[in-house]
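# Residue-level structural notes
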Amino acid sequence: MRHHLVLRVVSKLLIPFILLFGLYVQFHGDFGPGGGFQAGVIFAAGFILYALIFGRENAVKVTPPRVLQALMAFGLLLYASVGVVGMINGGNFLNYSVLRADGVAGQHLGILLIELGVGITVAAVMIMVFLMFTGRGR
Amino acid sequence: MLSGIYSLLMAGAFVVLDAVDVAFTEAAVGAGISTVLMLGTLHLTRSREKIPTHGAFLPLAVVLLTGGILLYATTGMPAFGDPDAPVHTHVAPRYIEETPEKIDVPNIVTAVLASYRGYDTMGEVTVIFTAGVGVMLMLGGRKRRRDSDKEDGV
């Protein structure tokens, strides 16, 4: 893709906005359509576009598989640990109302944290699967 | 390519049905990522099909039987938009009534997904995580070979 000047310039312009849109969908999921799953996929799509245009080697430099592995596990652990913190505070597993003194604020915090966990895991897994698929043929 | 177009059309259909969250997911996952992964798979596979070792009759019978059972099952479903359907009378009214005071999140879909059905969502994330680990185990064989080389050298 080294000679496709138009593709390179346009994707360079688009990728920051794709990532920004991913973050917007992630943290605006409480108020509008969206959430962790969609945000993770959009975020991963930005990285996959980068890998398609600028080559797999550069993409591996940006997101090393080791970091992706850690992020995959971190997202799920974040989700589960929110549930465990709820248990420590005297509620059921994944009951967010006990996270804060005010139940509604606790629900907000819990939803934000678990959606973040979902987003991190989904984005890391999607990028990882793509890198695995493209790295196989070489 | 066709599946990508199909996903995009389905996303439009979901928007028409006022299921914006589902449409969002369908557009991002179905039309976006799946198409790219499909192309990656095509890149990996060979251009010629292997000669099948068994006939086409048994798979065809299984497909037709499953399809027939599914079609028969749709006759038992409540009518489209029926307000007395079990989906609308079981827990859904409680979610809609309680969400503004208990969770106070404008998007009820998010409230149901993340809070009422938090356990299910965790299971889904676990499924995605497991799928990622599975792909890594099947396709990421290069590192293991290098490790075994090292062991041989030592």
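What you see is a predicted model, and the numbers here were worked out from it, not measured in a lab.

Cut-off values and rules
Residues numbered from 1 in each chain as written. Chains lettered and ligands numbered in written order. Predicted model: local features only at pLDDT ≥ 70, side-chain atom pairs only at ≥ 80, totals over all residues. Heavy atoms only, no water. Helix = DSSP H or I, 4+ residues; strand = E, 2+ residues; numbered from the N terminus. Expected span 1.5 Å × (residues − 1). Bend = angle between axes of the 7 residues up to and from the residue. Buried < 20%, exposed > 50% of the residue type's maximum accessible area, 1.4 Å probe, protein only. pLDDT = per-residue confidence, 0-100. Contact = heavy atoms within 4.5 Å. Polar contact = N/O pair within 3.5 Å; in protein donor to acceptor, adjacent residues only side chain to side chain. Buried area = accessible area lost by both parts, 1.4 Å probe. Nonpolar A, V, L, I, M, F, W, Y, C, P; charged D, E, K, R; others polar. Phe/Tyr/Trp six-rings, centres within 6.5 Å; stacked < 30°, edge-to-face > 60°. Axes fitted to C-alpha atoms, helices over the stretch in contact; angles between N-to-C directions. Parallel < 35°, antiparallel > 145°, perpendicular 65-115°, else oblique.

This part is about helix 2 (residues 20-44) of chain B. Each turn of an α-helix holds 3.6 residues, which means side chains three or four residues apart point in the same direction. Residues and elements named next belong to chain B. Taking 1.5 Å of rise per residue, the 25 residues of helix 2 would be expected to cover 36 Å, and the 35 Å separating its terminal C-alpha atoms lies within 8% of that figure. When the local axis directions of helix 2 are compared, the greatest deviation, roughly 35 degrees, occurs at Ser 34. Of all the positions in helix 2, only Asp 21, Ala 23, Phe 24, Ala 28, Gly 30, Ile 33, Thr 35, Leu 37 and Gly 40 are classed as buried.

To continue, consider the confidence of the model for chain B. All names here are of chain B. For chain B, the average pLDDT comes to 80, and 91% of its residues sit at 70 or higher. Put simply, helix 8 (residues 142-153) is where chain B has its lowest mean pLDDT, 49, and helix 3 (residues 57-74) is where it has its highest, 93. Long-range and interchain partners of residues 148-154, a stretch whose pLDDT sits below 50, account for zero contacts in this model, where long-range means more than four residues apart.

Bringing the environment of Ile 15 of chain A into the picture now. All names here are of chain A. Along the chain, the position of Ile 15 falls in helix 1 (residues 5-27). Classification of Ile 15 as buried rests on a relative accessible area of 11%. Each C-alpha atom of the pair Ile 15 and Val 98 lies 39 Å from the other, and the pair is 83 residues apart in sequence. In contact with Ile 15, other than residues within four places in its own chain, are Gly 46, Leu 49 and Tyr 50.

Our focus in this paragraph is the side chain of Thr 121 of chain A. With respect to the secondary-structure elements, Thr 121 of chain A resides in helix 5 (residues 103-136). At 3.2 Å, the side chain of Thr 121 of chain A and the backbone oxygen of Met 72 of chain A are in polar contact. Discounting residues that sit within four places of it in the chain, Thr 121 of chain A has contacts with Leu 71, Met 72, Gly 75 and Leu 76 of chain A together with Val 125 and Phe 129 of chain B.

The subject of this paragraph is the interface of chain A and chain B. Each partner contributes residues to the interface: chain A has 44 residues there, and chain B has 41 residues. Interface of chain A and chain B: buried area, both sides summed, is about 3,800 Å²; carbon and sulfur atoms make up 77% of it. Interface area lost by chain A to chain B is led by Phe 37, Leu 76 and Phe 133 of chain A, which between them contribute 16%. For the pair chain A and chain B, the number of links is four residue pairs in polar contact (both at pLDDT 80 or more). Counting residues per element, the ones that place at least two in the side of chain A that touches chain B are helix 1, helix 2 (36-54), helix 4 (65-88) and helix 5 of chain A. Of the residues forming the side of chain A that touches chain B, the biggest block, 18 residues, is contributed by helix 5 of chain A. Class assignment of the residues belonging to the side of chain A that touches chain B gives a composition of 29 nonpolar, 10 polar and five charged.

Attention shifts here to the packing of aromatic side chains. Aromatic ring pairs are reported here in terms of the distance separating the ring centres and the angle at which the planes meet. Enumeration over the complete set of coordinates arrives at five aromatic pairs over all chains. Both rings, one in Phe 43 of chain A and one in Phe 47 of chain A, keep their centres 5.7 Å apart while their planes meet at 55 degrees; by these two values the pair is tilted. Of this pair, Phe 43 of chain A and Phe 47 of chain A both sit in helix 2, four residues apart, which is roughly one turn of the helix. Centre to centre, the rings of Phe 93 of chain A and Tyr 119 of chain B are 5.8 Å apart; their planes meet at 80 degrees, and the pair counts as edge-to-face. Of this pair, Phe 93 of chain A sits in the loop between helix 4 and helix 5 while Tyr 119 of chain B is found in helix 7 (residues 118-139), placing the two residues in two different chains. What makes Tyr 119 of chain B exposed here is its relative accessible area of 58%.

A word on the packing of helix 5 (residues 92-102) of chain B against helix 6 (residues 108-116) of chain B. Residues and elements named next belong to chain B. Running from amino to carboxyl end, helix 5 crosses helix 6 at an angle of 100 degrees, the nearest separation of the two axes being 10 Å. If you check the angle between helix 5 and helix 6, you find them roughly perpendicular. Residues Arg 94, Tyr 95, Ile 96, Glu 98 and Thr 99 of helix 5 pack against Ile 108, Ala 111, Val 112 and Tyr 116 of helix 6. Taken together, the residues of the contact of helix 5 with helix 6 break down into six nonpolar, one polar and two charged.

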